There are 4 protein chains.
Amino acid sequence: MDDGPSSPGRHRQPLRADAQRSVDALLAAAAQVFAESGVDAPVRQITARADVGAGTLYRHFPQRSDLIAAVFRREVDACAAVGPTLAAQYEPLEALTRWLERFAGFVATKRGLSAALHSGDPAYDSLPGYFQQHFEPVLADLLDSAARAGAIRSDADPWDLLRAIGNLAVPLEDGDDHTQRMISLLVDGLRYGAGSAPRQA
Amino acid sequence: MDDGPSSPGRHRQPLRADAQRSVDALLAAAAQVFAESGVDAPVRQITARADVGAGTLYRHFPQRSDLIAAVFRREVDACAAVGPTLAAQYEPLEALTRWLERFAGFVATKRGLSAALHSGDPAYDSLPGYFQQHFEPVLADLLDSAARAGAIRSDADPWDLLRAIGNLAVPLEDGDDHTQRMISLLVDGLRYGAGSAPRQA
Amino acid sequence: MDDGPSSPGRHRQPLRADAQRSVDALLAAAAQVFAESGVDAPVRQITARADVGAGTLYRHFPQRSDLIAAVFRREVDACAAVGPTLAAQYEPLEALTRWLERFAGFVATKRGLSAALHSGDPAYDSLPGYFQQHFEPVLADLLDSAARAGAIRSDADPWDLLRAIGNLAVPLEDGDDHTQRMISLLVDGLRYGAGSAPRQA
Amino acid sequence: MDDGPSSPGRHRQPLRADAQRSVDALLAAAAQVFAESGVDAPVRQITARADVGAGTLYRHFPQRSDLIAAVFRREVDACAAVGPTLAAQYEPLEALTRWLERFAGFVATKRGLSAALHSGDPAYDSLPGYFQQHFEPVLADLLDSAARAGAIRSDADPWDLLRAIGNLAVPLEDGDDHTQRMISLLVDGLRYGAGSAPRQA
DNA sequence: GATGAATGAGCATTCATTCAT
DNA sequence: AATGAATGAATGCTCATTCAT
């Protein structure tokens with residue numbers, strides 16, 4: 001399921017020790033830089049922090065999106081993995097809400113990611129597919145469960161919701177829970193018109 | 001001292017004829033350029049189209065946001081003005097929905113505006129205030145009416161909603177009404193838990 | 001006939017004093033650099049020597065070939081102008097030979113020019129036309145006169161000869177008159193088979 | 001007669017089998033790459049095609065010119081060998097002309113070779129000697145025969161001619177026989193002033 | 001006031017060569 | 001011997017902003 005950093009689909013190919021060191025340094029550096037300056041931070045900033053030549057970065061991550069995907073892979077996996085866990089622990093609606101907040105948390109710390117996704121720059125072309133592939137099934141399951149439980153309508157499109165929250169979830173000043181309120185509102189929208197009425201016992 | 005285009009609050013000081021001509025040309029040019037290439041299009045593109053020197057632009061619009069605000073002023077005013085009109089023509093909930101879609105339409109055609117607002121670049125610092133000042137009261141009224149009519153809850157924060165839709169409203173491919181669906185969902189969220197139950201008679 | 005450096009065909013537009021200074025500095029610097037390092041020397045080398053920003057160079061000479069043409073314009077003009085002069089002073093064959101040597105002298109000091117002409121790089125696309133336009137008519141006249149005098153054949157193609165000598169005329173070590181010998185040989189080739197026999201009185 | 005590819009003068013030392021395989025692969029790959037992209041094609045292109053590490057190339061061919069010479073050795077030998085053959089089949093002048101065209105054909109397919117020879121880059125220093133050593137005697141013989149037959153003058157310098165045609169023979173667009181015409185012209189130059197007059201019986 | 005020339009830091013990217021593995 | 005990862009200087013080019021004219 002996992003392989004060399006730049007060839008997400010091929011057969012695993014063990015990296016030489018020095019290469020592995022470089023890749024690790026780059027991922028760590030990029031993670032920091034992305035957090036501080038956004039995903040479109042200058043390449044140099046990353047290589048400098050990783051103490052690595054520019055060519056090394058391009059060797060392992062020929063496309064900018066390759067680096068982004070690699071940096072976020074762990075986080076994406078982690079976030080996606082939370083879906084089933086929540087589904088097992090909470091009742092469907094609660095699980096859904098919690099996961100959306102979790103997902104928003106993931107997005108919010110990725111400054112510039114949303115912009116990059118819509119920039120039209122071909123260097124980012126592969127990213128939407130990457131995210132869709134990893135997140136859509138998870139959300140689809142959560143929506144299904146909630147719908148089957150009668151808690152929400154059954155016509156919600158998971159990709160629609162992911163895009164919406166992906167755009168909504170902007171980094172905020174401390175103490176501002178705008179994103180959370182908006183998620184709550186969206187979920188209420190899903191509940192509205194579901195089989196069971198909202199209020200009355 | 002004057003309120004040349006960049007100082008909206010001061011005492012009016014009529015521009016010299018040539019200055020006025022420059023400002024007009026810049027506004028027209030910027031409007032076109034923003035529409036074609038987004039609000040972060042290169043400055044030269046604008047000055048070239050306006051047939052004006054770069055210095056002239058900086059004289060009248062020292063900050064990028066000054067130009068953006070000036071360019072959008074008419075559209076902002078127009079969009080804001082639609083609020084009362086809709087309120088007079090439709091029942092509260094319908095008016096609210098329609099205006100939010102109108103507002104989304106405004107935002108969607110401003111490529112890069114949302115990104116600019118969150119870029120952290122001080123050149124855009126004054127924009128959020130500008131939009132808040134013009135749009136918030138309008139939406140507040142619409143929400144109030146709808147709430148008083150019992151169509152939606154009464155605790156909705158207009159600025160929250162404006163920000164949400166401002167982020168949500170991304171330019172889409174033809175035929176994709178993602179934004180409209182999401183607005184509808186948000187409004188349903190507002191309706192959920194309002195005095196009257198959604199479905200049953 | 002002559003205008004702004006980058007717009008060889010338009011109406012003359014007097015340059016501002018500072019612009020003229022920059023252009024002059026650039027031309028002087030480029031001339032030196034081309035002589036030392038060839039026409040594909042790094043841009044930076046030229047701007048540094050001219051004490052001018054990189055943008056200034058690109059403003060006046062958007063294409064590399066624009067700079068080359070401008071740098072060589074004087075020399076091209078001078079070389080082309082020598083044709084009629086020689087034609088007036090010497091008998092046709094002598095004039096022809098002398099001009100070809102003069103032309104070879106022009107080419108020989110332009111290191112890399114010939115290579116640039118054949119590099120396929122679009123940045124040099126306009127150069128062949130530039131040279132053809134300036135040199136071909138001059139050589140055509142010289143060939144015509146010599147042919148009419150019966151000194152050479154009448155089927156020589158001027159552009160063919162220009163290309164040949166353009167390639168032939170490579171910078172040589174001091175004291176090596178390879179180029180001159182080859183020109184002489186080519187001219188002998190032209191004489192061969194002309195109306196009058198070579199040797200016998 | 002032959003030794004390690006890079007040390008033409010030392011005592012023969014048979015290569016290990018794997019080393020020989022590498023060298024062969026490199027020569028084959030380089031031949032293809034030179035034909036497609038010229039002799040100054042990126043090194044990586046060659047090593048990639050040879051499926052060999054970069055270090056391996058540098059081990060066997062420390063200088064770029066070593067590789068070029070090795071790659072062209074067969075072709076050079078073949079071209080040189082044609083001289084005597086032609087001399088045996090045709091009368092001297094015809095043989096001379098045909099061989100010059102053959103030589104031009106060799107040069108013309110080596111994109112960038114002529115430029116490399118004059119680049120001043122020390123990596124190419126040894127090439128002129130290599131070519132001189134192989135081609136000069138062949139041409140000297142052809143010139144001698146033609147001169148002794150009275151078809152051309154006797155003062156032609158073979159190295160001069162080789163250089164001239166080496167420069168002249170530039171890759172051309174299809175259907176353009178510029179090079180052939182120029183060779184013909186040069187040969188006519190050689191004929192001019194020879195013992196026998198060109199035309200009159 | 002207007003102009004637009006000049007600036008020059010900044011960026012992505014390539015590639016010959018070295019050297020740890 | 002072979003590998004190929006790493007290096008990092010070098011290069012062309014852009015563009016916001018300033019300031020001489």
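Numbers given for residues are sequential positions, taken from 1 along each chain in its written order. Each chain gets a letter, beginning with A, and each ligand a number, beginning with 1, in the order they are written. The predicted origin of the model limits local features to residues at a pLDDT of at least 70 and limits the giving and counting of side-chain atom pairs to 80 or more, whereas totals for whole chains, interfaces and linings rest on all residues. Neither water nor hydrogens contribute to the side-chain values; these are computed over all heavy atoms in the structure.

Helices and strands together make up the secondary structure of chain A, namely 9 helices and 0 strands. Taken from N to C terminus, the helices and strands of chain A fall in the order α-α-α-α-α-α-α-α-α. Long-range pairs, those at least 24 residues apart, make up 66% of the contacts in chain A between residues at least 6 apart in sequence. Accessible surface, chain A: about 10,200 Å² in total, of which carbon and sulfur atoms supply 49%. Secondary structure is summarised from DSSP: a helix means a run of H or I of at least four residues, a strand means a run of E of at least two, and numbering begins at the N terminus for each. For this analysis, residues touch if any pair of their heavy atoms sits within 4.5 Å. A 1.4 Å probe and the Shrake-Rupley method give the accessible areas. Residues count as covered only by the protein chains that appear here.

This next bit is on the protein's contact with DNA strand E. Working definition: residue near molecule or strand if any one of its non-hydrogen atoms lies within 4 Å of it. The full set close to DNA strand E counts 36 residues, and D18, S22, G53, R59 and H60 of chain C are the nearest of them. Backbone atoms, meaning sugar plus phosphate, form 62% of the atoms of DNA strand E positioned within 4 Å of the protein. A distance of 3.3 Å is found between a base nitrogen of DNA strand E and a side-chain nitrogen or oxygen belonging to R44 of chain A. Contact distances for DNA strand E include 3.4 Å between a phosphate oxygen and a side-chain N or O atom of R59 of chain B. Those elements that provide at least two residues to the surface near DNA strand E are α2 (43–50) and α3 (54–60) of chain A, α1 (17–37) and α3 (54–60) of chain B, α1 (17–37) and α3 (54–60) of chain C together with α3 (54–60) of chain D. Polar contact criterion, stated in full: a pair of N or O atoms within 3.5 Å, where within protein one must be able to donate a hydrogen and the other to accept it, and residues adjacent in sequence count only if both atoms are side-chain atoms.

Inspection of the region around DNA strand F gives 38 residues, with D18, S22, G53, R59 and H60 of chain A positioned closest. Of all atoms in DNA strand F that approach within 4 Å of the protein, 64% are sugar or phosphate atoms. The side chain of H60 of chain A places a nitrogen or oxygen atom 2.5 Å from a phosphate oxygen of DNA strand F. Within the contact set of DNA strand F, a phosphate oxygen lies 3.4 Å away from a backbone nitrogen or oxygen of D18 of chain D. Grouping the constituent residues of the surface near DNA strand F by class yields 13 nonpolar, 12 polar and 13 charged. Put simply, Ala, Val, Leu, Ile, Met, Phe, Trp, Tyr, Cys and Pro go in the nonpolar bin, Asp, Glu, Lys and Arg in the charged bin, and everything else, Gly too, in the polar bin.

For the rest of this paragraph, the subject is the relation of the copies chain A and chain B. Once chain A has been moved 0.0 Å along the axis and rotated by 177 degrees, it coincides with chain B to within an RMSD of 0.4 Å. The transformation just described matches what one would write down for a two-fold rotation axis. Every residue of chain A has its C-alpha some distance from the rotation axis, and the shortest such distance is that of G189 of chain A, at 1.6 Å. In this assembly, 96% of the residues forming the interface of chain A have copies in chain B that are likewise at the interface, indicating an isologous arrangement. Copy-to-copy alignment: least squares on C-alpha atoms, limited to residues at pLDDT 70 or above in both.

Now for the interface of chain A and chain B. Note on interface size: it is often stated as the accessible area lost on association of the parts. Facing 28 residues of chain A, the contacting portion of chain B comprises 28 residues. For the pairing of chain A and chain B, the buried interface totals around 2,600 Å² over both sides, and the portion due to carbon and sulfur atoms is 60%. Think of a salt bridge as a Lys or Arg side-chain nitrogen and an Asp or Glu carboxyl oxygen that are within 4 Å of each other. Summed over the shared surface of chain A and chain B, the result is 6 salt bridges. For R181 of chain A, the salt bridge goes to D160 of chain B, with nearest N and O atoms at 2.4 Å. Buried area is understood as the total, over both parts, of accessible area removed when two parts are fitted together, assessed with a 1.4 Å probe.

By size, the foremost hydrophobic cluster in this structure holds 120 residues, and its most contacted members are F72, W99 and F135 of chain C together with F72, W99 and F135 of chain D. Here F135 of chain C is in contact with V76, C79, A80, W99, F103, F106 and L162 of chain C, once residues within four sequence places are set aside. V23 of chain A together with L86, I152 and L162 of chain B belong to the second largest nonpolar core, which has 118 residues in total. Nonpolar cores were defined as sets of buried Ala, Val, Leu, Ile, Met, Phe, Trp, Tyr and Cys residues, with membership established by side-chain atoms within 4.5 Å. To sort residues, take the accessible area from a 1.4 Å probe on protein chains only and compare it with the maximum for the residue type: under 20% means buried, over 50% means exposed, and anything in between is partly exposed.

Moving on, we get to the UniProt feature "DNA-binding region" (unreviewed entry) in chain A. UniProt positions are given in the numbering used here, feature names are shortened, and annotations may be inferred rather than shown by experiment. If you check UniProt for "DNA-binding region" (unreviewed entry), the listed places come out as residues 42–61 of chain A in our numbering. Summarising residues 42–61 of chain A: 75% helix, 0% strand, and an end-to-end C-alpha distance of 14 Å.

We now examine the packing of aromatic side chains. Ring pairs are drawn from Phe, Tyr and Trp, using the six-membered ring of Trp, whenever the two centres fall within 6.5 Å, and their geometry is named by plane angle: stacked under 30 degrees, edge-to-face over 60, tilted for the rest. Following the criterion strictly, the structure yields 36 aromatic pairs over all chains and no others. Ring centres 5.5 Å apart and planes at 75 degrees place the aromatic pair Y130 of chain C and F131 of chain C in the edge-to-face group. A residue is classified by how much of its surface remains accessible, and F131 of chain C, at 7% relative accessible area, is buried. Feature note: the residues F34, F72, W99, F103, F106, Y130, F131 and F135 of chain A constitute an aromatic cluster, connected by ring pairs. A cation sits over an aromatic face here: K110 of chain B above F72 of chain B, 5.2 Å from the ring centre. Should the NZ of a Lys or the CZ of an Arg lie within 6 Å of a ring centre and within 35 degrees of the ring normal, that charge is described as sitting over the ring.

Residue and element names in this part refer to chain A. On the secondary structure map, V33 appears in helix α1 (residues 17–37). We classify V33 as buried; its relative accessible area is 0%. For the pair V33 and Q45, spaced 12 residues apart in the sequence, the C-alpha separation amounts to 7.2 Å.

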